[in-house]
Amino acid sequence: MRVLRARLLGRRPLRARLALVTSAAVALVALGVLAAAYVVIRYELVRQLDLQLKQQAGIMAQQSHGGTTGVLYGECNWLAAPACAQIVRSDPAAPGQGGLVLPVTGATRRVAAGTLGEFYSNITLGGRDMRMYTMHLRDDRALQVAARSDTVDQGVRQAGLLLAGVGGAGVLLAAALGYFASRTSLRPVTRLTATAERIAATRDPAHRIELPPYEARRQDEITRLATSFNTMLGELEEAVAAQRRLIADASHELRTPLTALRTNAELLARADRLSPAQRDRASAALGRQLREVTGLVNDLIELARDEEPQQLVEQVRLDLLAERCVAAARGHWPNTPFTADLDTVGAVTVPGVPARLARLLSNLLDNAAKFSPPGAMVEVRLARTDHGLDLTVRDHGPGISTEDLPYVFDRFYRSRQARALPGSGLGLAMARQIARAHGAELTAEQAETGGARFRLSFPTGSPG
């Protein structure tokens, strides 16, 4: 059975299998209904003939005189009822029992004797099928009435042929409608398959499943699948585009320091031709460029991480973490004063990886110090809000222009003011990625009295 089912369904398209299963289900239901209808029609036709025979037998029983026996009607070939009728005695040796036209059995004698009730039977007489009714009469007699039943058989056959024709037409119509419905319903799946195959062949995720307006309005499971697939393709296209931009930007950013590294390495290879001062300058430049390339590569590796390792997550006090990061920033930027307003929150913790959160805050502080003029203050503030905790870092530099504000967190993006400053353009992108990995949101805005303000918002904070 499994092998047969596998052969019938295994290699067929989904719409053909769905149409086949639907047609088979309809055929089974139709066959059951038609078989029941056939049985009911046959029963009703036979019952009508039986009622006719019984009525005629009742009339003849009233008309029969006491002691009458023998054949009453002998034209058994007639279609009218009763065509054949006779009265039988319970005693086979009684007078008037010769020349009977209908078969007499022991059951007939018992009906005549009153020991058996009336009954119907099917007989064959002269090569014709007949229906016979036997009932009891007084004085040990039985009345037998028979009529041809071939009209009933013919009606049953005609009804069967008609029902079979109707059933066959219904099954064919159900198969056609099932195939049409399956093809219409699975049309988005067909487009999905074609789109997936086209993407696999071209490696271009820009393709989409086209949904006509009438299909898009249905909002059934297949339509939602196509819509979800289009959404997935959009996300995939954005991811591929971001990957290509990252590779192109990283290649561009690495080209300059690698060229400088090669130049300085070639100079040092001819150290015997250089003065001590030239060798020292080349060595110092080589070291700076190595650190720059190393930092850039490390930043790229950090950006490639999607989420924080769960085994390193712990409860982190933001006030203490911010205080340590501000102290470290004061050492890195001695000409920039840092202020920290952290006491208003108290011992509040958030789940996170301390080293990663410290990297986030360090990037924000370094960015603020880099854009602050000498002596301009960088303000760090931690405060409670209705939605959680806000950690803000504000500088008093030139601020962020309106055209640069939407792109400050993009990888390798550098504004016109930042292109003359050291850095790779990855610090803020890394900060936002770390924030999102911790369930927080990092935003940038222009401060009211000048400068830029970066706001790190944690949705919840729990007392430590």
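Refer to the structure above for everything that follows.
Residues numbered from 1 in each chain as written. Predicted model: local features only at pLDDT ≥ 70, side-chain atom pairs only at ≥ 80, totals over all residues. Heavy atoms only, no water.

*Asks:* I'd like to hear about helix α10 (residues 354-371), residue by residue, with values.
*Replies:* Spanning 18 residues, α10 covers 26 Å between terminal C-alpha atoms, matching the ideal 26 Å at 1.5 Å per step. For α10, the complete set of buried residues consists of Arg356, Leu357, Leu360, Leu361, Asn363, Leu364, Leu365, Asn367, Ala368, Ala369 and Phe371. (Helix = DSSP H or I, 4+ residues; strand = E, 2+ residues; numbered from the N terminus. Expected span 1.5 Å × (residues − 1). Buried < 20%, exposed > 50% of the residue type's maximum accessible area, 1.4 Å probe, protein only.)

*Asks:* Outline the state of the cysteines, supporting the account with residue identities and numerical values.
*Replies:* Considering all chains together, one arrives at one disulfide under this definition. Residue pairing for cysteine 76: its cysteine sulfur links by disulfide to cysteine 84, the two sulfurs lying 1.7 Å apart. The exposure classification of cysteine 76 matches that of cysteine 84, with both residues buried. (Disulfide = S-S within 2.5 Å.)

*Asks:* Mind laying out the nonpolar core, listing which residues take part and the relevant values?
*Replies:* For soluble globular proteins, nonpolar side chains are generally found buried alongside one another. Counting residues in each nonpolar core, the largest one holds 39 residues, and the members touching the most others are Leu365, Phe454 and Leu456. For this core, the elements supplying multiple residues, two or more each, are α9 (318-332), β8 (348-352), α10, β9 (378-385), β10 (388-394), α11 (427-437), β11 (441-446) and β12 (452-458). Looking at which element gives the most residues to this core, the answer is α10, with seven residues. With residues up to four places along the chain from it excluded, the contact list for leucine 365 reads Cys325, Val326, Ala329, Phe338, Val378, Val380 and Val393. (Core = buried A, V, L, I, M, F, W, Y, C linked by side-chain atoms within 4.5 Å. Contact = heavy atoms within 4.5 Å.)

*Asks:* Can you break down helix α5 (residues 187-202) residue by residue, with the values?
*Replies:* The terminal C-alpha atoms of α5, which comprises 16 residues, lie 22 Å apart, in line with the 22 Å expected from a rise of 1.5 Å per residue. All buried positions along α5 are accounted for by Pro188, Leu192, Thr195 and Ile199. Burial along α5 is one-sided: seen end-on, the buried residues are contained in an arc of 65 degrees. The exposed set on the far side of α5, more than 90 degrees from its buried face, consists of Glu197, Ala200 and Ala201. Of the residues one or two after α5, arginine 203 is the one with positive phi, at around 55 degrees. (Arc of directions from axis to C-beta.)

*Asks:* Would you mind going over the packing of α9 against α10 in detail, with residue names and values included?
*Replies:* Put simply, α9 and α10 touch, their axes get as near as 9 Å, and they point 45 degrees apart. Relative to α10, the element α9 lies oblique. Between α9 and α10 lies a crossing whose hand is right-handed. Side by side, α9 and α10 meet where Leu321, Ala322, Cys325, Val326 and Ala329 of the first sit next to Pro354, Leu357, Ala358, Leu361, Ser362 and Leu365 of the second. Counted by class, the contact of α9 with α10 contains 10 nonpolar, one polar and no charged residues. (Axes fitted to C-alpha atoms, helices over the stretch in contact; angles between N-to-C directions. Parallel < 35°, antiparallel > 145°, perpendicular 65-115°, else oblique. Left-handed = near helix turned anticlockwise from the far one by under 90°. Nonpolar A, V, L, I, M, F, W, Y, C, P; charged D, E, K, R; others polar.)

Honestly, that's just the spatial picture; any functional story needs more than this.
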